[in-house]
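Summary of the model geometry
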Amino acid sequence: MRLLVAALDAELVAFPAQIDGFDRLVTGPGKLKAAVGLTRALSAREYSEIVVVGTAGALDPELEAAVHEVGTVLQHDVSDLDGIVGQHVSLPARIDLPNDGHAIATGDIFVDDADAVVRIRDLDAVLVDMEAYAYAYVAGEFGVPLRIIKAVSDRAQDGATQLWDEVVATCSAALWQSFRADYQL
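Since the model is a prediction, treat every value here as computed from it, not as a measurement.

1. A few points about the overall build of the chain
Counting its secondary structure elements, the chain contains four helices and eight strands. Ordered by position in the sequence, the α and β elements of the chain form the string β-β-α-β-β-β-β-α-β-α-β-α. When its C-alpha atoms are laid out on the principal axes, the chain stretches across 45 × 35 × 25 Å. Residues counted as buried form 49% of the 185 residues belonging to the chain. Here the analysis covers contacts within the chain between residues at least 6 apart in sequence; of these, 73% occur between residues at least 24 apart. Roughly 8,900 Å² of accessible area belongs to the chain as shown, and the carbon and sulfur atoms make up 49% of that amount. Of note, the chain has its 13 positive side-chain charges centred 6 Å away from the centre of its 29 negative side-chain charges.

Printed below as a string of structure tokens:
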């Protein structure tokens, strides 16, 4: 059995309520809810793979507004004792996933301004979200393979929050199309 994970119900609106071979988990937004929700699910049942789907802001203006595989996760809202942004005092700075793909920076804020985009791009990420790092860390702790697929919902600039509400259904449809093709459903 595999586990299909999203932060919000809206990101799964185009998906069928039940998919053969997959359980479904909606954790809620942010790193803490993502970590707790996934930890509970993995403590209750064994899974052969976790597949995370969701939306992300694009930090790179050249990045196509499409569905993208994530290959590396990092945090943009932490710093170590020396004040180095992106470094945590006790967690790995980056987690590489088994699939090739883009780097995504996770933080507990919805990025929607140009100054934040510049700061986060300096960490070598091209996407931004609020949960990917937490999912990757928990999956690693449980030894369960993880795949993260993100649809670009906005450019993480001014007005991104309002734009997300308008495009999340379209992103969900694109995610479902990609997911269905990848898993031959």
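2. Examining the pattern of salt bridges
A complete count under the given rule lists six salt bridges for this structure. Residue E69 is joined to R147 by a salt bridge in which the shortest nitrogen-to-oxygen separation is 2.9 Å. In this pair, E69 sits in strand β4 (residues 67–75) while R147 sits in strand β8 (residues 146–154), placing the two residues 78 residues apart along the sequence. According to the relative accessible area criterion, R147 is buried, its value standing at 12%. Within the structure, one salt-bridge network assembled from shared partners comprises E69, R147 and D182.

3. Some points on the packing of helix α1 (residues 31–44) against helix α3 (residues 132–142)
α3 packs onto α1 with a crossing angle of 30° between their chain directions and a minimal axis gap of 8 Å. Taken together, the axis directions place α1 and α3 in an arrangement best described as roughly parallel. The handedness of the crossing between α1 and α3 is right-handed. Residue-level inspection shows K31, A34, A35, L38, T39, L42 and S43 of α1 in contact with α3, the latter providing A134, Y135, V138, A139 and F142. Split into classes, the residues belonging to the contact of α1 with α3 amount to nine nonpolar, two polar and one charged.

4. Topic: the nonpolar core
If you look at the biggest cluster of nonpolar residues, it comprises 32 residues, and the most contacted ones within it are L38, I50 and V73. Elements represented by at least two residues in this core include exactly β1 (2–6), α1, β3 (49–58), β4, α3 and β8. Per-element tally for this core: the top contributor is α3, with seven residues. What I50 contacts, discounting residues up to four positions off in sequence, is L3, V5, L38, L42, A139, V144, P145, L146 and R147. L12, I19, F22 and V51 belong to the second-largest nonpolar core, a separate cluster that totals 15 residues.

5. Thoughts on the pairing of β1
Of all five residues that make up β1, four are buried, and the element is covered over most of its length. Here β1 runs beside strand β2 (residues 22–26); their pairing, made up of five bridges, is parallel. Within β2, the position partnered with L4 by the bridge is R24. Direction of pairing for β1 relative to β3: parallel, over a ladder of four bridges. Across the sheet, residue L4 finds its bridge partner in β3, namely V51.

6. Notes on α3
Inspection of α3 places A132, Y133, A134, Y135, A136, V138 and A139 among the buried residues, and these make up the whole buried set. The first or second residue beyond α3 is G143, which carries a positive phi of 70°.

7. A closer look at the side chain of Q75
Here Q75 shows up in strand β4. Looking at Q75, its side chain comes within polar contact range of the side chain of K31, at 2.7 Å. Residues within four places of Q75 in sequence aside, it is in contact with K31, G86, H88, L91, A93, T106, L123 and Y133.

Definitions and limits used
- Think of each chain on its own: its residues are numbered from 1, step by step along the sequence as written.
- With pLDDT at 70 or above as the cut-off, local features in this predicted model cover only qualifying residues; side-chain atom pairs require 80 or more to be listed or tallied, and sums for whole chains, interfaces and linings still use all residues.
- Excluded from the side-chain calculations are hydrogens and water; all other atoms, namely the structure's heavy atoms, are used.
- Helix and strand definitions here come from DSSP, where helices need a minimum of 4 consecutive H or I residues and strands a minimum of 2 consecutive E residues; each element is numbered from the N-terminal end.
- Classification of residues uses two cut-offs on accessible area relative to the type maximum, computed with a 1.4 Å probe and protein chains only: under 20% is buried, over 50% is exposed, and between them is partly exposed.
- By definition, residues are in contact when any of their heavy atoms lie within 4.5 Å.
- Only the protein chains shown count as cover for residues, and all accessible areas are computed by the Shrake-Rupley method using a 1.4 Å probe.
- Charged-residue counts in this description rest on Lys and Arg as positive and Asp and Glu as negative, His and the chain ends being excluded.
- Where a charge lies is defined by one atom per residue type: Lys uses NZ, Arg uses CZ, Asp uses CG and Glu uses CD.
- Any carboxyl oxygen of Asp or Glu within 4 Å of a side-chain nitrogen of Lys or Arg constitutes a salt bridge here.
- For helices, the fitted line uses only the C-alpha atoms of the stretch in contact; every axis is such a line through C-alpha atoms, and the angle between N-to-C directions lies from 0 to 180 degrees.
- To sort the angles, those under 35 degrees are grouped as roughly parallel, those over 145 as roughly antiparallel, those from 65 to 115 as roughly perpendicular, and the leftovers as oblique.
- It is the rotation of the near helix from the far one that decides the hand of a crossing: anticlockwise by less than a right angle makes it left-handed, clockwise makes it right-handed.
- As a working rule, the residues Ala, Val, Leu, Ile, Met, Phe, Trp, Tyr, Cys and Pro are called nonpolar, Asp, Glu, Lys and Arg charged, and the rest polar, with Gly in that last group.
- We call a set of buried residues a nonpolar core when its members are Ala, Val, Leu, Ile, Met, Phe, Trp, Tyr or Cys and they connect through side-chain atoms within 4.5 Å of each other.
- Pairing between two strands is assigned when DSSP locates at least 2 bridges connecting them.
- Whenever two N or O atoms come within 3.5 Å, that pair is a polar contact, provided that in protein one can donate a hydrogen and the other can accept it, and provided that, for residues adjacent in sequence, both atoms are side-chain atoms.

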